[in-house]
Amino acid sequence: MNADNMEALRIVFMGTPDFAVGILEQLVQKNYTIAGVITAPDRPAGRGRKLNESAVKQFAVKHGLKILQPTNLKNEDFLAALKDLNANIQIVVAFRMLPKVVWNMPKYGTFNLHASLLPQYRGAAPINWAIINGETKTGVTTFFIDEKIDTGEIILQDEATINFTDNVADLHDRLMHLGATTVIKTLQRIQEGNFNTTKQENHDDLKLAHKIHRETCEIDWNRPQMDIYNFIRGLSPYPASWTTLYNADQQTITKIYKANIEKAEHELANGTLVFSKKELKVAVQDGYILLEEMQLQGKKRMHVKDVLNGLQLQENAKMG
């Protein structure tokens, strides 16, 4: 691609959640021409079923950007409206799978920002799974979209460290800022005609980042200590890991948001609760999981000290 023949970029941006807002915000601040924004339709939410606008739509409205909210990406009216935007490049961040008629439309292609170092962690929840699996490194990738999910040719990658105490919120924000920088660099290289793409190689050890469901968020206290610790922080703050608190004759679903580890030798059964007025920990292989922030069913999220103040635990209480 010859930079001398390049048209000025007219961008269509596609995205829905907060993560995408961070990238769109940078594009606006850098004065890129945003021809339009494609985001999810408004959804009813809460007890009143009030229509809830996506984070991207809220930002786009605030900045006076043209918005399209298709329910069907192959709908002829939507495709005509998309074509009328006259964009020559499309950027996708945390949206949904596009049909070829959409991603193949602009002259300079459609690229996606993914929150992992592809080909690792293809799928809907790369930030969660990188932490759950105990990774110490991740990053972001821009790639041109093709027929499959997260398999297109890589344009750029930037790495990020995962700290021992990071939860999803921590890593989400760091990758959002890194991703914004990577998207800008990608656009600059496309404008300059100064880039080479790299085909993704499939390995036998590829880890996937499939969508997370509530039923798979239950803590297995028989797992190794580090696996449990990583599982808790890899699901915090959303959707949050959970367990059942057995106390006397009561069973209470309990979400765990923050924990730590204590290495120790003991002969207690996994899941046994050890507690004092200020501390609550769960016996596991290799020691204990120290609970720091949790939420009992029907209650608000609290520090464990506040939970203990209002909870009369019996000696045989356990998690399971």
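Residues numbered from 1 in each chain as written. Predicted model: local features only at pLDDT ≥ 70, side-chain atom pairs only at ≥ 80, totals over all residues. Heavy atoms only, no water.

Chemist: Give a description of the pairing of strand S10 (residues 241-247) that names residues and reports values.
Modeler: By the criterion of burial, S10 is predominantly enclosed, with six of the seven residues buried. Across seven bridges, the pairing between S10 and strand S11 (residues 250-263) is antiparallel. Paired with Thr-243 across the strands is Thr-254, a residue of S11. Hairpin remark: S10 followed by S11, antiparallel, with two residues in the connecting loop; positive phi at Ala-248, about 55°. In the sheet, S10 pairs with strand S16 (residues 318-319) via two bridges, with the strands oriented antiparallel. The residue bridging Leu-245 from the neighbouring strand is Met-319, located in S16. (Buried < 20%, exposed > 50% of the residue type's maximum accessible area, 1.4 Å probe, protein only. Helix = DSSP H or I, 4+ residues; strand = E, 2+ residues; numbered from the N terminus. Pairing = 2+ DSSP bridges.)

Chemist: Describe the nonpolar core, naming the residues involved and giving the relevant values.
Modeler: Residues Ile-23, Leu-27, Leu-187 and Leu-291 are the most contacted members of the largest nonpolar core, which totals 76 residues. Of all the elements, helix H6 (residues 168-192) adds the most residues to this core, at nine residues. Beyond its immediate stretch of four places on either side in the chain, Leu-187 contacts Leu-9, Ile-11, Leu-27, Tyr-32, Ile-89, Ile-91 and Phe-111. (Core = buried A, V, L, I, M, F, W, Y, C linked by side-chain atoms within 4.5 Å. Contact = heavy atoms within 4.5 Å.)

Chemist: Please provide a residue-by-residue account of the UniProt feature "domain: Formyl transferase C-terminal" (unreviewed entry) in the chain, values included.
Modeler: According to UniProt, the feature "domain: Formyl transferase C-terminal" (unreviewed entry) maps to residues 211-311 in the numbering used here. Its end C-alpha atoms 34 Å apart, residues 211-311 is made of 15% helix and 41% strand. (UniProt positions renumbered as here; feature names shortened; annotations may be inferred.)

Chemist: Let's hear about the packing of helix H1 (residues 18-29) against H6: which residues, and what values?
Modeler: Close contact between H1 and H6 brings their axes to 9 Å; oriented N to C, the two are set at 40°. By the angle between their axes, H1 is oblique relative to H6. Taken as a pair, H1 and H6 cross one another with a handedness that is right-handed. Judged by residue contacts, Asp-18, Phe-19, Gly-22, Ile-23, Gln-26 and Leu-27 of H1 engage His-172, Leu-175, Met-176, Gly-179, Ala-180, Val-183, Ile-184 and Leu-187 from H6. The class makeup of the residues in the contact of H1 with H6 is nine nonpolar, four polar and one charged. (Axes fitted to C-alpha atoms, helices over the stretch in contact; angles between N-to-C directions. Parallel < 35°, antiparallel > 145°, perpendicular 65-115°, else oblique. Left-handed = near helix turned anticlockwise from the far one by under 90°. Nonpolar A, V, L, I, M, F, W, Y, C, P; charged D, E, K, R; others polar.)

Chemist: Break down the pattern of salt bridges for me, citing the residues and quoting the values.
Modeler: Close approach of charged atoms allows side chains of opposite charge to pair. One pass over the structure, following the stated rule, counts 13 salt bridges. Measuring nitrogen to oxygen at the nearest pair gives 3.9 Å for the salt bridge that ties Lys-100 to Glu-147. Placement of the pair is Lys-100 in helix H4 (residues 100-103) and Glu-147 in the loop between strand S8 (137-144) and strand S9 (154-161), with a sequence separation of 47 residues. Of the residues examined, Lys-100 reaches a relative accessible area of 45% and is grouped as partly exposed. Between Asp-158 and Lys-185 there is a salt bridge, with the nearest N and O atoms lying 3.1 Å from each other. In this pair, Asp-158 sits in strand S9 while Lys-185 sits in helix H6, placing the two residues 27 residues apart along the sequence. The class for Lys-185 is partly exposed, based on a relative accessible area of 30%. Through salt bridges with shared partners, a single network forms among Asp-42, Glu-53 and Lys-57. (Salt bridge = Lys/Arg side-chain N within 4 Å of Asp/Glu carboxyl O.)

Chemist: Quick one: what's the story with the UniProt feature "binding site: (6S)-5,6,7,8-tetrahydrofolate" (unreviewed entry) in the chain, residue by residue and with numbers?
Modeler: What UniProt calls "binding site: (6S)-5,6,7,8-tetrahydrofolate" (unreviewed entry) maps, in this numbering, to Ser-116, Leu-117, Leu-118 and Pro-119. Tracing the sequence through the fold places Ser-116 in the loop between strand S7 (110-114) and helix H5 (126-132). Residue classification places Ser-116 among the buried positions, given a relative accessible area of 0%. Sequence-distant contacts of Ser-116, defined by excluding residues within four places in its chain, comprise Tyr-121, Pro-126, Thr-138, Gly-139, Val-140 and Thr-141. Among the secondary structure elements, Leu-118 is positioned in the loop between S7 and H5. Owing to a relative accessible area of 4%, Leu-118 belongs among the buried residues under this scheme. In contact with Leu-118, not counting residues within four places along its chain, are Thr-141, Phe-143, Asp-150, Ile-154, Gln-157 and Gln-200.

Chemist: Lay out the sheet that holds S7 in plain terms, naming residues and giving numbers.
Modeler: Overall, mixed pairing links the seven strands, which are arranged S5-S2-S1-S6-S7-S8-S9 in an open sheet. In this open sheet, the two edge strands, each paired with only one partner strand, are strand S5 (67-68) and S9. The pairing of S7 with S8 spans four bridges and is antiparallel. The partner of His-114 across the bridge, within S8, is Thr-141. Lying on the sheet, H1 is in contact with strand S1 (10-15), strand S2 (33-38), strand S6 (89-93) and S7; it crosses S1 at an angle near 165°. The sheet contacts of H6 involve S1, S6, S7, S8 and S9, and relative to S9 the element is tilted by about 150°.

Chemist: Describe the side chain of Thr-244, with residues and values.
Modeler: Mapped onto the elements, Thr-244 comes out in strand S10. On the basis of relative accessible area, Thr-244 is assigned to the buried category, the value being 9%. Apart from the residues within four sequence positions on either side, Thr-244 is in contact with Gln-251, Thr-252, Ile-253, Lys-318, Met-319 and Gly-320.

Chemist: Go over the packing of aromatic side chains with me, naming the residues and quoting the values.
Modeler: Applying the stated criterion across every chain yields a total of two aromatic pairs. Relative to Phe-195, the ring of Phe-144 lies with its centre 6.1 Å away and its plane at 50°, an arrangement referred to as tilted. Taken together, the positions of Phe-144 in strand S8 and Phe-195 in the loop between H6 and helix H7 (225-233) put the pair 51 residues apart, joining distant regions of the chain. Take Phe-144: its relative accessible area is 19%, and that puts it in the buried class. In this structure, Lys-318 packs its charged tip against the face of Tyr-246, placed 5.7 Å from the ring centre. (Phe/Tyr/Trp six-rings, centres within 6.5 Å; stacked < 30°, edge-to-face > 60°. Lys NZ or Arg CZ within 6 Å of the ring centre and 35° of its normal.)

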